[in-house]
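Breakdown of the fold
Here are the chains, one letter per residue:
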Amino acid sequence: MSKRDDLEHPFDDLAALRKDLSQRAKTISRADRKIMIEGMKETELHDYLRELYKSMQPDYPVEVTHGVDELGKDLVIVKKDSMTTDVIGVVVKRGSLMASTLGDVDEVVGAVNDILKSKPNRKFREIQSQINQAFAHPAEIKTRFKEVPVNRVFVVLAGDISARGRRRLSKEANGPVDIFDIDWLIDNFTEYYPEIFFEGKVTDFLQSKIQELETKSWHVKQNQNLSDCFVEPLVRSVDVPLAIDNASIATAMVTRRLPFSKLKSIILSKQQVVLVGDAGTGKSAALAKLSIEMLKDAYTCVTKKSKAAQCADVSILIVAKDFLTIASVEDLLLFYFGDRQIFERLTVKVLMVDALDEVPASLREEVMNKAREYAKDLDCALILTSRKIDIVSATPAGFKKYELLPFEASQALKLFEKLHGKDQLLESLKGELNKIRYQIPMVPLSLILLMELVEENKEVPASITELYERFTDIILGRYDKKKGIEVLFEYTVKKRFLAALAYRKFLSQGRMEISREDYIAFLDDYASEYSLDAEYLSSFIREIERAGILRLDEDEVSFGHRSFLDYFAAYYVYDRRDEINNMDQFLVERYFDDLWGDTIFFYVGHKKEISEKLLDKLFTFSDSKAPRLEVDISKFYVGRLLQAGWHSPTKVKTSGIEKAFNLIPDLRQELLDFSEENKWRLPKIFADYIILLLSDHSFRSTFLWKEVKTVFEKIYSENGNILALLPLLWALKPFTPRTEFNDTVNKVLEAITSHKQLNAEEKARALIMLKFLDQSDKAMSKTIQKRVDQLQNKNPGILKKLLPERTRGSMPNSKKRSR
């Protein structure tokens, strides 16, 4: 982190936040702090006292009990240990009680006539009555205890009290009483809860939201906050992925990569963005980190007593399934902030709706339209996130689209270092990364699992499914030697339980979460089905929940990460494959269901192979209700299934690759048609670029490169679909030595130039893409450029159909460099 970042965000955790705020509170004069406390309404003071007691002793439950049934107590504190329970009733009063006002009733009546015999006497009698009621009636504790007797009373005065007053209150009470005056309040609020001097409700919200976002991530362990282990990802714009490199013919194609933090600029410009990425790329974590940064900025603003309310800018981060239940902007604000006083003091600068892909496809448009409407009402930016279900059709009009990219090697090592530190394990992982980078997705979730697996078991898995398999083996206790031989039985039961839960209650019902009631009912049914006794089941469930695979909220139960749901649902299907009717049809239907496609990826991973029969059914699938573009992209993604089924026969893998690349002409035309339907003014070559991206994602793999090369050589030797050679070559590039790659580019260049069946526009497209594929070789780039020039001279204006128009005021890069 830069020095500038340190200055902007000097807080590492909530303890540091509070320590810093305490120092700021001390700069406020003691007299001013006293005025602030004494000027508060009594009910407002109750809430702040609760926060003070919770900060002083976090283990003690504290409840505000003020109201018609308070029976003398304004708050109740419960102090419980293994031996006993102390229940403390708290009586709160504003104003001072001095010696001159605390004489007995007869003395007061005789000394000051009847002027002082009422008000001071009533104040004292009211306190005394409340103390007696507090001891006489049990406290109603909502969080843990129903009825427990009060055995101690705190009297808290937002004012001064004389020594005589203290003695009388203590003496005339029916039990032990501790008295705390304004000096005690000033000192302890300053030390333990300084927020009271800086808009307490707002600072409470900001702190609690920061803590929630820092700790709710599934992979946060060993007391690490999200910020401790966060490595900033890169994003790539996928809206108009072309840029002009030369004013006359514009042959270079570049992608714009930028750090995720740069997207913060969209908040100022109020843009609408869709952020896509594969499962595990860290979309939710990236949004959470951006929200944390904004919350810390707002905290600094509020605690500096700034009068400029607009500086307290925050985001609203909400998952799409919760957003569906929100009926209005007002409901959204109350749902997120909890109190009108809080959101009236803060300014919402960006609405973030996470996990759009986890909402049923039929409801996604409703979520997007509602999000756009609410962002407009709030006058703020909008960010939606989704898995990369398809690369184009999910982008609604008016949105910019960015893809969250997998990590590069340096980012992966930085993540390893943050999670584990520098030692021999880090050195081992450095060596393994190059071996597996095209076998396991270089995304945060996979890398975290990999690190834990290497640390625990000293092994590197061969595939993503094997990675999940080995990791779940560990956390479910398969290698727990302390338990002896019984562990194999327990491990199997746990794994099958999670698989049954994932399949029966989630996949079969098309749900991402279930109610606690459904979960408990499933537990009862499962215990009955397998004759598990209550004691064993209770211990068994505790171990599963402690493993962190399941997330149990107050009302809902879900898997800790969507990938685990897919993995265990797939395991159930694999384990029961002989019991499922029309198995291939079941797999095909789930594969083309964008909500459950990854489940089939894990299923094939469990089998480690895919049959030619299933491949044929995938390629012949049709659905009149689904856009053809979506279906064909899913078919082209069959390379991911071939990666998962890495042990499939070479013949099967080669056949699958051939069939996928035979789709390219149709796929390209569908992309162009889709662009026209949406009235996007995109150059034609954007479709070729998208196909490169699809090829990269689907076929660039250690498991497939030999078969990809076989298909490449077959097409080249047959002088067939020459345009398919380019994405094949792109997929092969990381596995091809430099000299061999140069020779191959030369061969493809000659094939393009001499091909009789390619028209001028197709040759121009192929040459431009070929130049992009080999940008690092300057000599080859010049050679390709000469061929482009020759084509342009024979066919004037041909490149205008393919490339974006040069924007007004721009000039060739060569001229810019010469100035």
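Structure: above.
Everything in this summary refers to the structure shown in the same document. Since the model is a prediction, treat every value here as computed from it, not as a measurement. (Residues numbered from 1 in each chain as written. Predicted model: local features only at pLDDT ≥ 70, side-chain atom pairs only at ≥ 80, totals over all residues. Heavy atoms only, no water.)

Helix and strand counts for the chain stand at 38 helices and 15 strands. By the burial criterion, 53% of the 819 residues in the chain qualify as buried. Sequence-distant contacts in the chain: of pairs separated by 6 or more residues, those separated by 24 or more amount to 72%. Approximately 38300 Å² of the chain is accessible, and the part contributed by carbon and sulfur atoms is 48%. (Helix = DSSP H or I, 4+ residues; strand = E, 2+ residues; numbered from the N terminus. Buried < 20%, exposed > 50% of the residue type's maximum accessible area, 1.4 Å probe, protein only. Contact = heavy atoms within 4.5 Å. Areas by Shrake-Rupley, 256 points an atom, 1.4 Å probe, with all protein chains shown as cover.)

Okay, the pattern of salt bridges next. The final tally for this structure, using the stated rule, is 37 salt bridges. A salt bridge links Lys54 to Glu51; the shortest N-O distance between them is 3.6 Å. In this pair, Lys54 and Glu51 both sit in helix H4 (residues 42-56), 3 residues apart, roughly one turn of the helix. Residues Glu556 and Lys321 are paired through a salt bridge, measuring 3.1 Å at the closest nitrogen-oxygen approach. With Glu556 in strand S15 (residues 556-559) and Lys321 in helix H13 (residues 320-323), this pair connects stretches of sequence that are 235 residues apart. Among the residues examined, Glu556 registers a relative accessible area of 29% and is labelled partly exposed. Here the salt bridges share partners, and the residues they tie into one network are Asp47, Arg50, Glu51 and Lys54. (Salt bridge = Lys/Arg side-chain N within 4 Å of Asp/Glu carboxyl O.)

Right, let's talk about the environment of Leu725 for a bit. With respect to the helices and strands, Leu725 occurs in helix H34 (residues 725-732). Looking at Leu725, the relative accessible area reads 0%, which means it is buried. Sequence spacing of Leu725 and Ile715 is 10 residues, and the spatial spacing of their C-alpha atoms is 7.3 Å. Excluding its chain neighbours within four sequence positions, the residues that come into contact with Leu725 are Phe712, Ile715, Tyr716 and Val748.

Here we take up the packing of aromatic side chains. Aromatic ring pairs: the centre-centre distance and the angle between the two ring planes describe each pair. Taken as a whole and judged by the stated rule, the model has 34 aromatic pairs. With a centroid separation of 6.4 Å and 55° between ring planes, the pair formed by Phe189 and Tyr193 is classed as tilted. Classification of Tyr193 by relative accessible area gives buried; the value is 1%. Summarising the aromatic geometry, the rings of Tyr574 and Tyr603 are spaced 6.4 Å apart at their centres and angled 65° between planes, so their arrangement reads as edge-to-face. Highlighted residues: Tyr574 in helix H24 (residues 562-575) and Tyr603 in helix H26 (residues 597-607), separated in sequence by 29 residues. (Phe/Tyr/Trp six-rings, centres within 6.5 Å; stacked < 30°, edge-to-face > 60°.)

For the rest of this paragraph, the subject is the environment of Glu554. Mapping Glu554 onto the fold places it in the loop between strand S14 (550-552) and S15. Linking Glu554 and Ser515, residues 39 residues apart in sequence, is a C-alpha distance of 9.2 Å.

Here Asp354 lies in strand S10 (residues 347-354). For Asp354, a relative accessible area of 6% puts it in the buried group. Taking the C-alpha atoms as reference, Asp354 lies 9.3 Å from Leu275; in sequence the two are 79 residues apart. Ignoring any residue separated from it by four or fewer positions in sequence, one finds Asp354 in contact with Ser284, Leu287, Leu317, Ile318, Val319, Ala320 and Thr385. Within the structure, Asp354 has its side chain in polar contact with the side chain of Ser284 (distance 2.4 Å). Among the polar contacts listed, one links the side chain of Asp354 to the side chain of Thr385, at a separation of 2.3 Å. (Polar contact = N/O pair within 3.5 Å; in protein donor to acceptor, adjacent residues only side chain to side chain.)

Our focus in this paragraph is the sheet that holds S15. An order of S13-S15-S14 is seen for the 3 strands of this open sheet, with the pairing classed as antiparallel. Of all the strands in the sheet, the pair left with one neighbour each is strand S13 (514-515) and S14. (Pairing = 2+ DSSP bridges.)

Geometry only, nothing functional implied.
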